[in-house]
Amino acid sequence: MSKPTALNLDHVAHLARISLTDEEKARFGAQLGDVLGYIALLNEVDVEGVEPTAHAFPVVNVWAEDVPQAGLSVEDALRNAPQRKDNMFVVPKVVE
Amino acid sequence: MAEELIYSTISELSGKLDRGELSSVELMGAVIARTKEVDGRVKAFNSFDGGGALAQARASDERRARAKGAGAAACGPLEGIPIGLKDVISVSGQPLTASSRMLENFVSPYDATVTRKLKAAGAICWGRLNLDEFAMGSSTENSAFHTTCNPWDLERVPGGSSGGSAAAVAAGEATAALGSDTGGSIRQPAALCGVVGLKPSYGRVSRFGLIAFASSLDQIGPFARSTGDAATVLGVIAGHDPRDSTSVRREVPDYNRGIADLAKSGRKWKLGIPKEYFGEGLDPEVAAAVQAAIDEYRGLGCEVREVSLPHTKYAVGAYYIIATAECSSNLARYDGVRYGHRSKDARDALDIYFKSRAEGFGAEVKRRIILGTYVLSSGYYDAYYLRAQKVRTLIRRDFLEAYKEVDAIVTPTSPTPAFTKGDKTSNPLAMYLNDIYTIGVNLAGLPGISIPCGFSRPASGNQGLPIGLQIIGQPFRETELLAIAGAYEGRTHWHARHATP
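Residues numbered from 1 in each chain as written. Chains lettered and ligands numbered in written order. Predicted model: local features only at pLDDT ≥ 70, side-chain atom pairs only at ≥ 80, totals over all residues.

**Student:** Is there a simple way to explain the pairing of strand β10 (residues 448-455) of chain B in this structure?
**Tutor:** Here is the key point about a regular strand: its side chains alternate between the two faces of the sheet. Residue and element names in this part refer to chain B. When you tally the buried positions in β10, you get 7 out of 8 residues, the bulk of the element. Examined bridge by bridge, β10 and strand β11 (residues 466-472) share 7 bridges and lie antiparallel to one another. By the bridge assignment, Phe455 is partnered in β11 with Pro466. (Buried ≥ 20, exposed ≤ 12 C-beta atoms within 10 Å, placed from the backbone. Helix = DSSP H or I, 4+ residues; strand = E, 2+ residues; numbered from the N terminus. Pairing = 2+ DSSP bridges.)

**Student:** Help me understand the sheet that holds β11 of chain B in this model?
**Tutor:** Sheets are built from strands paired through backbone hydrogen bonds, the pairs being either parallel or antiparallel. Residues and elements named next belong to chain B. Taken together, 11 strands build an open sheet; the order of strands is β1-β3-β2-β4-β6-β5-β10-β11-β9-β7-β8 and the sheet is mixed. The strands lining the two open edges of the sheet, one partner per strand, are β1 (45-47) and β8 (303-307). Across this sheet, the average inter-strand angle for adjacent strands is 35°, counted without regard to direction. Taken together, the 5 bridges between strand β7 (residues 270-274) and β8 define a ladder with parallel strand orientation. Bridging from a neighbouring strand, Lys270 pairs with Glu303 of β8. (Axes fitted to C-alpha atoms, helices over the stretch in contact; angles between N-to-C directions.)

**Student:** I keep staring at the interface of chain A and chain B and nothing clicks. Help me out?
**Tutor:** Interface size is often expressed as the accessible area that is lost when the parts come together. Each side of the interface is counted separately: chain A has 43 residues, and chain B has 58 residues. For the side of chain A that touches chain B, the elements supplying multiple residues, two or more each, are α1 (9-15) and α2 (22-39) of chain A. Tallied by class, the residues present in the side of chain A that touches chain B amount to 31 nonpolar, 7 polar and 5 charged. (Contact = placed C-beta atoms within 7 Å. Nonpolar A, V, L, I, M, F, W, Y, C, P; charged D, E, K, R; others polar.)

**Student:** Is there a simple way to explain unusual backbone geometry in this structure?
**Tutor:** Keep in mind that most residues, glycine aside, have a negative phi and that most peptide bonds are trans. Residue and element names in this part refer to chain B. A cis amide bond, omega 10°, links Gly160 with the succeeding residue Ser161. With respect to the helices and strands, the residue Ser161 is situated in the loop between β3 (124-129) and α6 (163-170). For Phe134, which is not a glycine, the phi torsion comes out positive at approximately 55°. Note that Phe134 resides in the loop between β3 and α6. A positive phi angle, close to 65°, is found at Thr140, a residue other than glycine.

Quick look at the structure:
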């Protein structure tokens, strides 16, 4: 496992698509350093040959019948839109 | 009369409603009056619609009258009962905020499956209950709106993340409530507020319509005033749902009947006490109350033996890798495009993401998204996420190994009674460690319950704070778990003591 100092906040915040202020960077850096330091405890565990668990009770190959069903109406789907026009979500220009 | 109503159990109220001694409108009226009286101090609710609740109560009374007129004996198991909902569970046409600025103005376009089932059982969906933002926290101090107060001592936290649900039931503002539990978010606030809180087995209850935090851990469950009431609500909300592919195809038993049969059989349970849960950090008063509860079980003829869960000390670390990884993925949907907060300063499409998320999320949510993004990022996945999933396997194996010898495992729910507001807010790690006894249950997918088992000594600001006993059951054996909890409950009077906020 890498050292806690490997957490590059600028890089990770960019991946997470969150702008951080300088104050947040300083505070989160220290707090997450503590957490990563604690998490390093996991390095002691011998996990050789142990299968990972993604779900406690894995359910595989869940199939649904291919039957059309009513979904949300357009009005319901657009009800919480920050900005809308006709039956569309409005966003700033994406392509120049 | 009103005092009696607001602290009654579902079974007591259902009896009165059935016998015509009480109408749902009267009951709802008493609960609304109580909420208006105390919620300015307790702050359990983000919002409530008294008129809408009374309309549901009127409809319930009409259904009951029609059923009686037709000679039908039974209504739904929750007919006319006010059930509070944590503000992460969708109720069509009602606000759904997750106690976040991100969803401050969101209105649910549909019902969650549990909501649909509550309504079908006759329940009144009552209010939107506060939580830590997106269910991330152990105190409700991470709510973007306000911190809920512990009804037993208003200077203290109610626990979290489902602190509003626990406080509402404890303060007489709802007969029962639903919460969600990812690492202890039902059991810990239940313990701190002196009520019953049940986290069912992973897959037992559909999460369709629940705002997702960590999908391999999240489970919906009830808060109630008795184990019998918790069983009644579980029976209503449990079951397979084609809309949640992780819900299991298993029959839902009649829990109350199963519990009664087990009680009649006089079965002597074998209970395991994991030595790892009684070490450093456990408050002496909590330890003494739990020990006394274990002695009570011995008095009932149960066999009590020590068991070992050797990987316990790695549970919090594994949890904060897995839960944050999953949350970073689940919360990627809050992009400011289709719903939720959108920054007014965004100049282009990418800017919408960065600024809307910076403005919409609070500090703890940002910290967890960043930690989760990091542990999943290129070069770190194997070292953190994959290793944590392997440790999870070992933690789960520990429990299954113990269940070869015992029927259930008995522990404290939380290392301390309710702590004072502000005590842990600047130190996230200290807050995380508060969940040390509840987290393993989620990692292993087991059912767990917290029931009242005593009070701390009276101190400045309170007449004693509630202490919770956690009982951890085997996968999908909620009937046994509830029967074991009920056996203790039947011999004690902790649940009869009420908060006076």
